[in-house]
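Structural features, examined
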Amino acid sequence: MKAPHRDAALSDLLDEREIRTILLRYCRGVDRMDRELVRSCFHEDAVDSHGNFEGDVDALLDWMWDLLSKFDSTMHFLGNMLIEIEGDLARAETYGVAFHRGDPEKPHRNLVNGFRYVDHFERRAGAWRIARRTVVTEWSRVDAPENWWPTPEEVLSGTRGPADPVYERLR
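Residues numbered from 1 in each chain as written. Predicted model: local features only at pLDDT ≥ 70, side-chain atom pairs only at ≥ 80, totals over all residues. Heavy atoms only, no water.

Turning our eyes to something else, we now look at the overall build of the chain. Of regular secondary structure, the chain possesses 4 helices and 6 strands. Ordered by position from the N terminus, the helices and strands of the chain form the series α-α-β-β-α-β-β-β-β-α. Here the C-alpha coordinates of the chain stretch approximately 60 × 35 × 25 Å along the principal axes. The proportion of buried residues among the 171 residues of the chain is 37%. Within the chain, counting contacts between residues at least 6 apart in sequence, those at least 24 apart form 57% of the total. When the accessible surface of the chain is totalled, it reaches about 10500 Å², and 54% of it is carbon and sulfur. Treating the 24 positive side-chain charges of the chain as one cloud and the 32 negative ones as another, the clouds have centres 3 Å apart. (Helix = DSSP H or I, 4+ residues; strand = E, 2+ residues; numbered from the N terminus. Buried < 20%, exposed > 50% of the residue type's maximum accessible area, 1.4 Å probe, protein only. Contact = heavy atoms within 4.5 Å. Areas by Shrake-Rupley, 256 points an atom, 1.4 Å probe, with all protein chains shown as cover. Lys, Arg positive; Asp, Glu negative; His and termini not counted. Charge placed at Lys NZ, Arg CZ, Asp CG, Glu CD.)

Here it is in structure tokens:
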């Protein structure tokens, strides 16, 4: 028979894994511009404070898609993740770096940001989702186009939307 504290620890690990997966799915959804995937990471009544935006998830998605359409690509990397679980509530602090590529003639469309997601998760009906997100910008820099290395045409490159190779493997 397992000790009760081992069962609780295993439960916490499984909860942490579910929360971690939501954070990673969010980044995939943003970078592939998969609106439904991003939406699935939030509870219906979630609120997001994201730079100069604050509002509900549907307004967030409209704001994000308008902003993302100005870039040719984005890539989000997540690093340090501290997830603290208390019953059906959790707080996650996640460090990240986001690369944005757009028009080489417009420096503000070619930037790299260091940030943190400060998320409040809730488990409702057995599923963890983001209930409140605050995005904290730590630093930002312009990535000068003269430092870019062109991707050769014969190299498979990522795309936004369902044509990306990640979706082919999931079908």
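This brings us to the nonpolar core. What tends to happen in soluble globular proteins is that the nonpolar side chains get buried as a cluster. Ranked by internal contacts, the top residues of the largest apolar core, which has 28 residues, are Ile 19, Tyr 26, Val 38, Phe 42, Met 64 and Phe 121. Mapped by element, the contributors of at least two residues to this core are helix 1 (4-31), strand 1 (42-50), helix 3 (57-68), strand 3 (73-86), strand 4 (89-101), strand 5 (111-124) and strand 6 (127-142). For Ile 19, the residues in contact, after removing those within four places along its chain, are Ile 83, Ile 85, Ala 90, Ala 92, Phe 121 and Trp 128. (Core = buried A, V, L, I, M, F, W, Y, C linked by side-chain atoms within 4.5 Å.)

The rolling of a water-molecule-sized probe over the atoms marks out the regions of remaining empty space. Empty space within the largest pocket amounts to approximately 580 Å³. Taken together, 24 residues line the largest pocket, and the ones lying closest to its centre are His 50, Trp 63, Leu 67, His 100 and Asn 113. If you list the elements that add at least two residues to the lining of the largest pocket, you get helix 1, helix 3, strand 3, strand 4, strand 5 and strand 6. At 5 residues, the largest contribution of residues to the lining of the largest pocket is made by helix 3. Residues that form the lining of the largest pocket fall into these classes: 12 nonpolar, 9 polar and 3 charged. Computed from the structure, the second largest pocket encloses a volume of approximately 430 Å³. The wall of the second largest pocket is formed by 15 residues, among which Ser 73, Met 75, Arg 101, Thr 151 and Gly 158 lie closest to the centre. Counting only elements with at least two residues in the lining of the second largest pocket, the list comes to strand 3 and strand 4. With 3 residues, the single largest contributor to the lining of the second largest pocket is strand 3. Class assignment for the residues of the lining of the second largest pocket results in 5 nonpolar, 6 polar and 4 charged. (1 Å grid on protein atoms, 1.4 Å probe; cavity = no way out; pocket = protein on both sides within 12 Å on 5 of 7 lines; lining within 4 Å. Points joined across faces, edges and corners; volume = space filled by probe spheres on them. Nonpolar A, V, L, I, M, F, W, Y, C, P; charged D, E, K, R; others polar.)

This paragraph deals with the pattern of salt bridges. Across all of its chains, the model carries 16 salt bridges by this definition. Close ionic contact of Lys 70 with Asp 66 constitutes a salt bridge, the shortest N to O distance being 3.4 Å. When its relative accessible area of 46% is taken as the criterion, Asp 66 is described as partly exposed. Through salt bridges that share partners, Asp 15, Asp 88 and Arg 123 make up one connected network. (Salt bridge = Lys/Arg side-chain N within 4 Å of Asp/Glu carboxyl O.)

Attention now moves to the side chain of Asp 48. For Asp 48, the location among the structural elements is in strand 1. Buried within the structure, Asp 48 lacks any salt-bridge partner; Arg 133 is the closest side chain of opposite charge, at an N-O distance of 4.6 Å. One polar contact links Asp 48 to His 50, side chain to side chain, over a distance of 3.1 Å. If we ignore the near neighbours within four places in the chain, the residues touching Asp 48 are Phe 42, Phe 53, Glu 54, Gly 55, Leu 60, Arg 132 and Arg 133. (Polar contact = N/O pair within 3.5 Å; in protein donor to acceptor, adjacent residues only side chain to side chain.)

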